Amino acid sequence: MSSEILEEVMSANAKYVNGFGEKGKLALPPARRFTILTCMDARLDPAKYAGLSEGDAHVIRNAGGRASDDTIRSLVISHKLLGTLEWFVIHHTNCGMELFCDDVMAGLLEDNLATAAFDGKSWSNPRHGGGCAAGHFIKWHTIKSQEESVIQDVRRIREHPLVPANIPIYGYVYDVKTGRLDEVAKATEAGRCGT
Ligand SMILES: [Zn+2]
């Protein structure tokens, strides 16, 4: 089996290895002791938009940058075992998670598993048949408003019993048109350290 992407990735990695230098000596815990939770969107590069180098910080990514159960698991490990002291929740404008709701996703999957098409308003399957009903039993953590989703996620993390009160959680929306991080003041407020 050959894949163009596979070859490109291996070739890029060979170059990376050549310039790897002293990075093999980095410590496991993140040196700058912070964590970013953000969306998997291909236009976002947290290393670039937040100025990270290897070894600096934890970056947790998923669809939407949501504070899902598995995100909580990673955050708790990030602090409890690896010493991070400040956390960022960063959602972004024009997120794909705004373009569907749970029922739409489950309906598409129930019909067919191949990539669906979006016409700017709604989704449709290019072929039919061979789908699966399991999508009805998953919460997809879609987003209606970026600001609200950041506030919700910061609150969920802040209120989680395994998250200590002394970790500040900052809430931001990344603007895909400018690359700027805009603070969601209500989220940062909700994420302030407790006493
Ligand atoms: Zn997104």
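Residues numbered from 1 in each chain as written. Predicted model: local features only at pLDDT ≥ 70, side-chain atom pairs only at ≥ 80, totals over all residues. Heavy atoms only, no water.

### Points about the coordination of the zinc ion
Taken together, the protein donors to the zinc ion comprise Cys39 (SG), His92 (NE2) and Cys95 (SG), at separations of 2.0 to 2.3 Å. For the zinc ion, the single-chain donor residues occur in sequence as C-x52-H-x2-C. (Donors = N, O, S within 2.8 Å, 3.2 Å for Na, K, Ca; no water.)

### Brief notes about the sheet that holds strand E6 (residues 169-174)
Taken in spatial order, the five strands make up an open sheet running E2-E1-E3-E6-E7, and their pairing is mixed. For this open sheet the edge positions go to strand E2 (58-62) and strand E7 (181-183), each flanked by a neighbour on one side alone. Ignoring strand direction, the axes of neighbouring strands in this sheet form an average angle of 25 degrees. Sheet topology note: the E6/E7 ladder contains three bridges and is antiparallel. Along E7, the bridge assignment pairs Val173 with Asp182. Helix H3 (residues 69-80) rests against strand E1 (34-39), E2 and strand E3 (86-92) of the sheet, and its axis sits at about 175 degrees to E2. Where helix H5 (residues 146-159) meets the sheet, it contacts E1, E3 and E6, and its direction lies at approximately 155 degrees from that of E3. (Pairing = 2+ DSSP bridges. Helix = DSSP H or I, 4+ residues; strand = E, 2+ residues; numbered from the N terminus. Axes fitted to C-alpha atoms, helices over the stretch in contact; angles between N-to-C directions. Contact = heavy atoms within 4.5 Å.)

### Notes on the pattern of salt bridges
Considering all chains together, one arrives at ten salt bridges under this definition. Measuring nitrogen to oxygen at the nearest pair gives 2.7 Å for the salt bridge that ties Glu22 to Lys25. Each of the two residues, Glu22 as well as Lys25, counts as exposed. Residue Asp69 is joined to Arg156 by a salt bridge in which the shortest nitrogen-to-oxygen separation is 2.8 Å. Residue Asp69 is located in helix H3, and its partner Arg156 is located in helix H5; the two are separated by 87 residues in the primary sequence. (Salt bridge = Lys/Arg side-chain N within 4 Å of Asp/Glu carboxyl O. Buried < 20%, exposed > 50% of the residue type's maximum accessible area, 1.4 Å probe, protein only.)

### Brief notes about the nonpolar core
Soluble, globular proteins show a tendency: their nonpolar side chains are buried together. Judged by nonpolar contacts, the single largest core of 18 residues is most densely connected at Trp87, Val89, Val150 and Ile157. Mapped by element, the contributors of at least two residues to this core are H3, E3, H5 and E6. (Core = buried A, V, L, I, M, F, W, Y, C linked by side-chain atoms within 4.5 Å.)

### Observations concerning the environment of Leu113
As for its position among the elements, Leu113 is in the loop between helix H4 (102-111) and strand E4 (117-118). Sequence separation between Leu113 and Pro164 is 51 residues; the distance between their C-alpha atoms is 41 Å. When near neighbours in sequence (up to four residues on either side) are disregarded, Leu113 contacts Gly130, Gly131 and Cys132.

### Some details on the side chain of Thr38
Relative to the elements of secondary structure, Thr38 occurs in strand E1. Exposure remark for Thr38: the relative accessible area of 0% places this residue in the buried category. In this structure the side chain of Thr38 is engaged in a polar contact, spanning 2.7 Å, whose partner is the backbone oxygen of Ile90. Dropping the residues within four chain positions of it, Thr38 is found in contact with Leu44, Pro46, Tyr49, Val59, Ile60, Arg61, Asn62, Gly65 and Ile90. (Polar contact = N/O pair within 3.5 Å; in protein donor to acceptor, adjacent residues only side chain to side chain.)

### Considering helix H1 (residues 4-18)
With 15 residues, H1 extends 22 Å from end C-alpha to end C-alpha; this agrees with the ideal 21 Å at 1.5 Å per step. N-cap assignment for H1: the residue whose side-chain oxygen lies 3.3 Å from the backbone N of Ile5 is Ser3. (Expected span 1.5 Å × (residues − 1).)

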